[in-house]
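Each chain, written out:
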Amino acid sequence: MDAVVRVVAAVPTPPPYAGPEVGMAMLLRAWRSERVRLYHVRTTLRRSNAEKGRFDVAGVVAFARVFVRYVRVLLRRRPAVVFLLLSSSRAGLVRDAWLIVTARLLGCRVVGQYRGGNFGGFLQRQPPLLQRAINMLLHQLACVLVQGERLRAHFVGLLPAQRVRVLHNGVSLEEFPPRRRQVLQEAPYRLLFVGHIAFAKGFRELARAYRWLRERYAVELWVVGTRIAQPVVASSFLPPQWYAYYQQHAAEIEAEIDAFLQQLQGDTVHFFGHVHTTVVRELMAEADVFVLPSYSEGASVAVLEAMASGLPVVTTPVGALPELVEPGQTGVLVSVGAWQELAEALAWCLQHPQWCRQAGERARQRVRECFTLEHTVAQLEQLLWEVAQGND
């Protein structure tokens, strides 16, 4: 085995600004390993989150360009391992299959990371023949990485347990600006949402909860993200029990979200669109409570960033979020789809500013102890080294 292991990281980076792209950009920027040398091939195909998951001519052309670069790097660098992200859409898995099979034909071992919370639900919706094809594709991988212990279940029965490993997200505390004001120091209080403006992120529930809150409190809602209203794209994030519900009610759900944005935007709702990570962190330094009432998550980078910014977090117990947010200590967990419970939890936070400040301090400390980017990079370096030596 060579003293230096060469690894091709075929991963997306911003734009667009979403969890996978932002997470990979942070990881690549922090990589300092001398024994595992990374060569990045940028696999981003779309500039907008709303266009992801589509199968069209523009996507095929964009992937053809990516694939040519990818093959050139493989032939030139002769890596021992290829590291890539796994998709949970049909179009995405076609792309993944080309990358995985090509790497295997050239003698590389492949490590795939799944940065979501709905692979099992996606697989259930596929016809039996496609399920078998996906199963065969997964068996080409040396191992699959998930973002939390709770997410291992998505690959139970698909791969042996020892080939499903956990790699938590991490953030670098030094990159977060100091708070510009104390949490809940003065009204109007600022609630911050960062994510796709879509049903899967619980935005309908947040809209309902906010309407209730603004009648009782001096409060603002800051919204960072891209509006995703196309049913095909919006439903792809949902677990089985909510996928059918959304399919039946998509038109009225999307109309309710659009009406909320049109009626209150510029009043007490401030819509920032998709912005650079540094801007997100500046907003977090001025916000009071972070809220993300998702129906489905992996392990949200935005939640970790909010914790690193010293914010209490109100979210749902989906994916690996309960491994990040400790109820009663660093935030509040509310039931999925329960807007009234969400409203009451946010109201309770507004009524208890001292607890929120302490929760934010504990959240930042939890990131320091468990979820630093340095720790994530060290874990991935060791895993890639082991895979290169056949010890996965």
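Up top is the structure these notes are about.
Residues numbered from 1 in each chain as written. Predicted model: local features only at pLDDT ≥ 70, side-chain atom pairs only at ≥ 80, totals over all residues. Heavy atoms only, no water.

Enquirer: Teacher, can you tell me more about the packing of aromatic side chains here?
Expert: What describes a pair of aromatic rings is the distance from one ring centre to the other and the angle between the planes of the rings. Taken as a whole, this structure holds 17 aromatic pairs when the rule is applied. Among the aromatic residues, ring-to-ring pairing joins Phe199, Trp242, Tyr245, Tyr246 and Tyr295 into one connected group. The ring of tryptophan 385 has arginine 35 sitting right over it, with the charged end atom 4.7 Å from the ring centre. The ring of phenylalanine 176 has arginine 281 sitting right over it, with the charged end atom 4.4 Å from the ring centre. (Phe/Tyr/Trp six-rings, centres within 6.5 Å; stacked < 30°, edge-to-face > 60°. Lys NZ or Arg CZ within 6 Å of the ring centre and 35° of its normal.)

Enquirer: Would you mind going over unusual backbone geometry with me for this structure?
Expert: Trans peptide bonds make up most of the peptide bonds, and negative phi angles are found at most residues other than glycine. In this model, proline 14 is joined to proline 15 through a cis peptide bond whose omega is -5 degrees. At the junction of alanine 187 and proline 188, the peptide bond is cis and its omega measures out at 0 degrees in the coordinates. Tracing the backbone through its elements, the reader meets proline 188 in the loop between β6 (164–166) and β7 (189–194). Its identity is not glycine, yet arginine 78 carries a phi of approximately 50 degrees, on the positive side. Among the secondary structure elements, arginine 78 is positioned in the loop between α2 (57–77) and β3 (81–86). At leucine 184, a residue that is not glycine, the phi angle is positive and equals roughly 55 degrees. As for its placement among the helices and strands, leucine 184 is situated in the loop between β6 and β7. Judged by its relative accessible area of 4%, leucine 184 falls in the buried class. (Helix = DSSP H or I, 4+ residues; strand = E, 2+ residues; numbered from the N terminus. Buried < 20%, exposed > 50% of the residue type's maximum accessible area, 1.4 Å probe, protein only.)

Enquirer: Help me understand helix α5 (residues 128–138) in this model?
Expert: Because each turn of an α-helix spans 3.6 residues, side chains separated by three or four positions in sequence point in the same direction. Of the residues making up α5, those classed as buried are Ile134, Leu137 and Leu138. Down the axis of α5, the smallest arc covering the buried residues is 100 degrees, so these residues share one side. In this structure, α5 carries Pro128, Leu129, Arg132 and Met136 as exposed residues pointing more than 90 degrees from its buried face. On its buried side, α5 packs onto β3, α3 (90–105) and α4 (119–124). (Arc of directions from axis to C-beta. Contact = heavy atoms within 4.5 Å.)

Enquirer: Can you help me understand the sheet that holds β6 in this one?
Expert: Backbone hydrogen bonds are what pair the strands of a sheet, in a parallel or an antiparallel way. Reading across from one edge, β2-β1-β3-β4-β5-β6 is the order of the six strands in this open sheet, with parallel pairing throughout. Sheet topology places β2 (36–42) and β6 at the edges, where each strand pairs with a single neighbour. On average, each strand axis in the sheet is inclined to that of its neighbour by 25 degrees, with strand direction left out of account. Strands in contact with α3 are β3 and β4 (109–114); relative to β3, the strand with the most contacts, it is inclined by about 170 degrees. Packed onto the sheet, helix α14 (residues 373–388) meets β1 (5–11), β2, β3, β4, β5 (143–146) and β6 and runs at close to 125 degrees relative to β3. (Pairing = 2+ DSSP bridges. Axes fitted to C-alpha atoms, helices over the stretch in contact; angles between N-to-C directions.)

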